[in-house]
Every structure is written in structure tokens, then in C-alpha cells.
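Read off the chains here:
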Amino acid sequence: MNIPKKRIKDPSRKDIEQVFLEAYEIGREAAKEGRVADYIPELAKADPSAFGVYMLDGKGKSVFYGDVFTRFSIQSVCKVIILAFALKYRGFDETFSHVMMEPSGDSFNSILKLDMRSNLPFNPMINAGAIQTVSLLTEDFSFEDILNFSRVLCMDPGIELNEAVYKSEFETGNRNRAIVYLLKSKGVLTADPEKTADLYFKLCSLSVSAETLASLGLVISNGGVNPFTGQQLIEPDHVRTIKSIMFTCGMYDFSGEFGVKVGVPGKSGVGGGMVCAARGPMGIGLYGPALDPFGNSIAAVRAMEHISERLNLHVFDY
Ligand code: GLN
């Protein structure tokens, strides 16, 4: 396929379909360059050539190609849901008195700066920050509470705990346990460390699809309102915070480059998922388990670069 690069001003429905098809082709090619995560043994079973992209707009129109209904574990994309939940029930001030809002420039599971430069984790989109945010919820909320919130937020009653992934994470999550205990030793984490680690592992093991993530992206891009029911699921101020943190921290130590080249608030996970909240409103969910060295889906990154360029979606475009 000969892939055009030119930006389209005021794209028609047909243009949008064409651009997503192009992005799908680009993603499928890019997947060949990536590697599936294997540090969680269960993730190593994913098909590295799988790829799907799903777009949902505020009128309920969708465009999708590829493996968009395949279920996979949400992994770090759950950090967006955890942050939304914490902001809703703990509020902005309390949440951010326990975790900062600075990009770390380090890999998602790094412990380095946490010990050297600061007591509080840098932001809620890296493991340390997400674990710390989870610890604000462990005493008062159950896994089921957050599962139900996820189902509503993502308009997907089919989200469940993937038991095999959970077991795999539980058995091999030593680095995450190290983070939990480091935070505990500093007196930063006040909840029970094992309960906190367990809830974090469970939330990373929620089963979603690219379609699920497109709906999540749509709600975020639509100011926290489900456009089909009119229900305000996240307060507008909280949406602003979530989008800002996704933009600056959502791709770990690739966040800067993603911000420049794609310029859309997004969040990835090592299961291969990615959610993007583009203006429109437009939610984009992607799945491609072959990862780049940063732990982002290589197919999703390349596809999003193309979609953003062709459809003028960069937040700083004019
Ligand atoms: N569950 C994974 C971990 O804690 C999530 C990391 C990710 O998706 N980047 O290592």
C-alpha cells in the first residue's frame, strides 16, 4: 500500500476511514520490529503480529481494523482508571499530597530516582506512582468497586479479571513488591503493603480490547461525560488533570517524543494496549503486543503518529 503523508483539512468520513486503514497497514509492518513482554511469563504468549485500531466518536460512529475484539490485559493503562478513581474519591489535594505530577524520564518500573531524589513517586503513570495511588484506595475500596467503575467508564460490562495474568504477576512481581516496600520503608506508603501490591496486580490484569480502550478514550476526550448516556463519570477538572498527566507521562521515558510526534494524551501498557483521547471528541484504542524498548506498543505508536499527522490531531496544531 502506498501511504500518503499529507495532512487532510476537514476530513470527511471517507477520509477518516482511509487514514485508519493506512494506520493499520503501518502498524502491522511496525509490529515486526517489536518484541512481546516476557518478564511477566503469561504476556509472552501473545501473538507478536497481532494489531488492531479502533476509533469511536461522540456520535457513536466507529472505524476499526484488525484485532480489535481480542481480549488482553490492560496493564499500565489501568493507571488512568486508578487516577480517575482516586481523584473522584480522594480529591485532587489529597491525591497529589501522596504522589507528584512530574515526568520521571526513567523507565516505567525504575526505582532509581525514588530512592535518590525524592520520597514521593514522580507521577501516577509509572509503577511507583500508580502503586502509591492504589495505596490510597486499598483500605476503603475493594477490587470489585474499581472493577465496576472500570466497566462503566469503558462502557464494557465484559471487563473481567484475567486470572492467569494475575497469577503470573503475583508470582513474578518482585520488582513491584520492592517498590511497595521501599515506599513503606520511607513512611510514604501508609496502607498494608501486601494488600496494595495485590490490588495493583489485579488492576493490571483486567481484560480489555481495543474497542474497550476506544470508549475509555472517548469519555476522557469528551470531558468525562459518556456521550451516549450523558452521565458525568469524571469531573471536568479531573479530566484536565488526567489528560495533562497522560500527555506528559503516559508513555514513560518516551513521553516527550510521543508528545512532539503525536501530541495526543495517551497511555500505554506492556500488554500491548494504548488509549488515546483526541479532540473531536474521539477515542482511539489500539492493541499490538510487540513492544518498543520503552515498553510501548510499537505498532500503536507508529499508527498514532500517522493518524495524528493526517487528521491534524496534535493538540498544538493550528
Ligand atoms: N503490570 C506491569 C508491571 O507492573 C505494568 C507495567 C506496564 O504496563 N508498563 O510491571
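Below: a short report on this structure. (Residues numbered from 1 in each chain as written. Predicted model: local features only at pLDDT ≥ 70, side-chain atom pairs only at ≥ 80, totals over all residues. Heavy atoms only, no water.)

1. Observations concerning empty space enclosed by the protein
Selection rule: Think of a 1 Å grid over the protein atoms and nothing else: a 1.4 Å probe that fits but is trapped marks a cavity, an open set flanked by protein within 12 Å on at least five of seven lines marks a pocket, and residues with an atom within 4 Å of a point count as lining. Grid points are joined across faces, edges and corners, and a volume is the space filled by probe spheres set on the points. Each helix corresponds to a stretch of at least 4 residues labelled H or I by DSSP, and each strand to a stretch of at least 2 residues labelled E; elements are numbered beginning at the N terminus. Just so you know the grouping, Ala, Val, Leu, Ile, Met, Phe, Trp, Tyr, Cys and Pro go in nonpolar, Asp, Glu, Lys and Arg go in charged, and all remaining residues, Gly too, go in polar.
Taken as a whole and judged by the stated rule, the model has 3 cavities of 30 Å³ or more. The calculated volume of the largest cavity comes to roughly 80 Å³. If one sorts the elements of the lining of the largest cavity by residue count, helix H3 (residues 112-116) sits on top with 3 residues. Grouping the constituent residues of the lining of the largest cavity by class yields 7 nonpolar, 3 polar and 2 charged.

2. Description of the site of the ligand
Selection rule: When we say a residue is near a molecule or strand, we mean one of its heavy atoms is within 4 Å of it. Contacts described as polar in this section are N or O atom pairs within 3.5 Å, which, within protein, must combine one atom able to donate a hydrogen with one able to accept it, while residues neighboring in sequence count only if both atoms come from side chains. If over half the atoms of a molecule are within 2 Å of the grid points of a cavity or pocket, the molecule is regarded as sitting in it.
What surrounds the ligand is a group of 13 residues, the closest being Tyr39, Gln75, Ser76, Asn176 and Tyr252. Tyr252 has a polar side-chain atom sitting 2.7 Å from a nitrogen atom of the ligand. In this structure, an oxygen atom belonging to the ligand sits 2.8 Å away from a main-chain N or O atom of Val270. With respect to the detected pockets, the ligand is housed in the second largest cavity.

3. Some points on helix H5 (residues 143-153)
Stated formally: The classification of residues rests on relative accessible area computed with a 1.4 Å probe and restricted to protein chains. Under 20% of the type maximum is buried, over 50% is exposed, and intermediate values are partly exposed. Starting at the helix axis, one direction is taken to each C-beta atom, and the arc is that of these directions. Throughout, a residue-residue contact means that at least one pair of heavy atoms, one from each residue, lies within 4.5 Å.
All of the buried residues along H5 are Phe143, Ile146, Leu147, Phe149, Ser150 and Leu153. Angular distribution of buried residues about the axis of H5 spans 160°; they occupy a single face of the element. Those residues of H5 that are buried lie in contact with helix H2 (78-95), helix H8 (193-204) and helix H9 (210-221). Residue Met155 follows H5 closely and has a positive phi angle near 50°.

4. Some points on the nonpolar core
Quick reminder of the rule: Residue types Ala, Val, Leu, Ile, Met, Phe, Trp, Tyr and Cys, when buried and joined through side-chain atoms within 4.5 Å, form a set referred to as a nonpolar core.
Core analysis: the largest hydrophobic core is formed by 66 residues, its most contacted members being Ile74, Ile81, Leu153, Leu203, Leu213, Leu216 and Ile242. A total of 9 residues in this core trace back to one element, the largest contributor, which is H2. Ignoring sequence-local partners within four residues, the contact set of Ile81 consists of Ile74, Ile146, Phe149, Ser150, Leu153, Cys154 and Leu216. In this structure, Val19, Phe20, Ala290 and Ala303 belong to the second largest nonpolar core, which totals 32 residues.

5. Points about the sheet that holds strand S7 (residues 282-287)
So the rule is basically this: We treat two strands as partners when DSSP finds at least two bridges between them. Structural elements are reduced to axes, namely lines fitted to C-alpha atoms, with helices fitted over the stretch in contact, and the angle between N-to-C directions of any two is expressed from 0 to 180 degrees.
With antiparallel pairing, the 5 strands of this open sheet are ordered in space as S2-S1-S7-S6-S5. Whereas interior strands pair on both sides, the edge strands pair on one side only; in this sheet they are strand S2 (62-66) and strand S5 (266-268). Direction aside, the axes of adjacent strands within the sheet are offset by 10° on average. Running at roughly 150° to S7, helix H12 (residues 298-311) makes contact with strand S1 (52-57), strand S6 (273-278) and S7 of the sheet.

6. Some thoughts on the packing of helix H7 (residues 174-185) against H8
This is how the line gets drawn: Roughly parallel means an angle under 35 degrees; roughly antiparallel means over 145; roughly perpendicular covers 65 to 115; every other angle is labelled oblique. Crossing handedness is read from the near helix: turned anticlockwise from the far helix by less than a right angle, it gives a left-handed crossing, and turned clockwise, a right-handed one.
Where H7 meets H8, the closest approach of the two axes is 10 Å, and the angle between their N-to-C directions is 140°. Considered as vectors, H7 and H8 are oriented oblique to each other. Between H7 and H8 the crossing geometry is right-handed. Only Pro193, Glu194, Ala197, Tyr200 and Phe201 of H8 make contact with H7, whose side of the interface consists of Asn176, Arg177, Val180, Tyr181 and Lys184.

7. With respect to the packing of helix H6 (residues 163-172) against H8
Running from N to C, H6 and H8 cross one another at 140°; their axes reach a closest spacing of 8 Å. As judged from the angle between their axes, H6 and H8 are oblique. Two packed elements cross with a definite hand, and for H6 against H8 that hand is right-handed. Taken together, the residues of H8 that come into contact with H6 (itself represented by Tyr166, Glu169 and Phe170) are Asp198, Phe201, Lys202 and Cys204. Residue composition of the contact of H6 with H8, grouped by class: 4 nonpolar, no polar and 3 charged.

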